[in-house]
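Structural overview for review
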Amino acid sequence: MAIDRNSVQRQLIEDLAYAYGDVFGDAEIESAFNEAWELLSSRATVQNFLPVLVARRAREQLMARAQAEGRVVKHVPELLFVCVHNAGRSQMAAALAEHLSARRVHVRSAGSMPVDEINPVVVEALRERGIALNTAYPKPLSNDMVHAADVIVTMGCGDACPIFPGKRYEDWEVRDPAGQPLDVVREIRDDIQARVTTLLREILN
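A brief report on the enclosed structure follows. (Residues numbered from 1 in each chain as written. Predicted model: local features only at pLDDT ≥ 70, side-chain atom pairs only at ≥ 80, totals over all residues. Heavy atoms only, no water.)

Another point: the pairing of strand β1 (residues 78-83). In terms of residue burial, β1 counts as a mostly covered element, since six of its six residues are buried. As paired elements, β1 and strand β2 (residues 106-111) share six bridges and run parallel to each other. Paired with cysteine 83 across the two strands is glycine 111, which belongs to β2. Regarding topology, helix α4 (residues 89-100) serves as the crossover connection from β1 to the parallel β2, and that connection is right-handed. As paired elements, β1 and strand β3 (residues 151-155) share five bridges and run parallel to each other. Bridging across to β3, leucine 80 finds its partner in isoleucine 152. (Buried < 20%, exposed > 50% of the residue type's maximum accessible area, 1.4 Å probe, protein only. Helix = DSSP H or I, 4+ residues; strand = E, 2+ residues; numbered from the N terminus. Pairing = 2+ DSSP bridges. Right-handed = clockwise from strand over helix to strand, strands pointing away.)

Put into structure tokens, the structure is as follows:
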């Protein structure tokens, strides 16, 4: 059953205004909600989760913009993992970084050409590591995300990621899990985990 936009818009915008009202004006907050709704309303496979996903997307975009524009102070390093579809490699890297860092970093992921859903074999491979992707979804790359990040890791997306001075960029040559069986995706997961572990050691020590 589809959720009526008007039935959730007022409450979500009110919540966002409570959280970000001292940083953003009403128009900017409403714009973040509208962008998130337009992006996700046609993609949500379980409509009951739509308000959760919209609220999360709007918060992520507002926080990225606030960080990019210097409106808030960053307390931990910001990592951004980018691949083409944000359905496999970048999702695994972000989930593993969050899982292994004990909240000492903040992590985002995005795709240069995001698809509608995360690769289910990737979901299964991460579940084996005790990591659930219940509310994760493929997200488009934005300049605010890149500008807010301290470290940007790309995997197979070529020149799609904009370059800003003062950032650390890495390009990881990691196999694409798309169309691969679970055994191969496990190998890709372990490769990414080794790279993430090295990266965390470098930026946290």
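Here we take up helix α7 (residues 182-204). The α-helix advances 3.6 residues per turn, and as a result positions three or four apart in sequence lie on the same side. When the terminal C-alpha atoms of α7 are compared, their 32 Å separation across 23 residues agrees well with the 33 Å that a helix rising 1.5 Å per residue should span. For α7, the complete set of buried residues consists of Val184, Val185, Ile188, Arg189, Ile192, Val196, Leu199 and Leu200. Residues of α7 that are buried sit in contact with β1, α4, α5 (120-127), β3 and β4 (168-171). (Expected span 1.5 Å × (residues − 1). Contact = heavy atoms within 4.5 Å.)

So, about the side chain of lysine 139. In this fold, lysine 139 is placed in the loop between α5 and α6 (143-148). Salt bridges are absent for the buried lysine 139, whose nearest opposite-charge side chain, glutamate 60, sits at 5.2 Å. (Lys, Arg positive; Asp, Glu negative; His and termini not counted. Salt bridge = Lys/Arg side-chain N within 4 Å of Asp/Glu carboxyl O.)

Attention now goes to α4. With twelve residues, α4 extends 16 Å between its outermost C-alpha atoms, agreeing within 8% with the 16 Å of an ideal straight helix rising 1.5 Å per residue. In terms of residue burial, α4 counts as a mostly covered element, since nine of its twelve residues are buried. Among the residues of α4, Arg89, Ser90, Gln91, Met92, Ala93, Ala94, Ala95, Leu96 and Ala97 are the ones counted as buried. Where α4 is buried, its residues meet β1, β2, α5, β3 and α7. At the exit of α4 stands alanine 102, carrying a positive phi of roughly 55 degrees.

One finds Leu79, Phe81, Leu126, Met155, Trp172, Ile192 and Val196 to be the most contacted residues of the largest nonpolar core, which totals 30 residues. If one sorts the elements of this core by residue count, α7 sits on top with seven residues. Dropping the residues within four chain positions of it, isoleucine 192 is found in contact with Arg89, Met92, Ala93, Leu96, Trp172 and Val174. Core analysis: the next-biggest nonpolar cluster, separate from the first, contains 22 residues, Val8, Leu39, Leu53 and Ala55 among them. (Core = buried A, V, L, I, M, F, W, Y, C linked by side-chain atoms within 4.5 Å.)

Turning our attention to unusual backbone geometry. In this structure, asparagine 86 takes a positive phi of about 50 degrees despite not being glycine. The class of asparagine 86 is buried, set by a relative accessible area of 0%. The residue alanine 102 is not glycine, and still its phi comes out positive at about 55 degrees. Within the element layout of this structure, alanine 102 appears in the loop between α4 and β2.

Looking now at the packing of aromatic side chains. Centre distance and the angle of the planes are the two values used to describe a pair of aromatic rings. Evaluated as defined, the whole model comprises three aromatic pairs. For the pair phenylalanine 81 and tryptophan 172, a centre-to-centre distance of 5.9 Å together with 50 degrees between the ring planes defines the contact as tilted. Linking phenylalanine 81 in strand β1 with tryptophan 172 in the loop between β4 and α7, this pair joins segments that are 91 residues apart in sequence. As far as burial versus exposure is concerned, phenylalanine 81 and tryptophan 172 are alike and both buried. When the ring centre of tyrosine 137 is taken as reference, the NZ or CZ atom of lysine 139 above it lies at 5.0 Å. (Phe/Tyr/Trp six-rings, centres within 6.5 Å; stacked < 30°, edge-to-face > 60°. Lys NZ or Arg CZ within 6 Å of the ring centre and 35° of its normal.)

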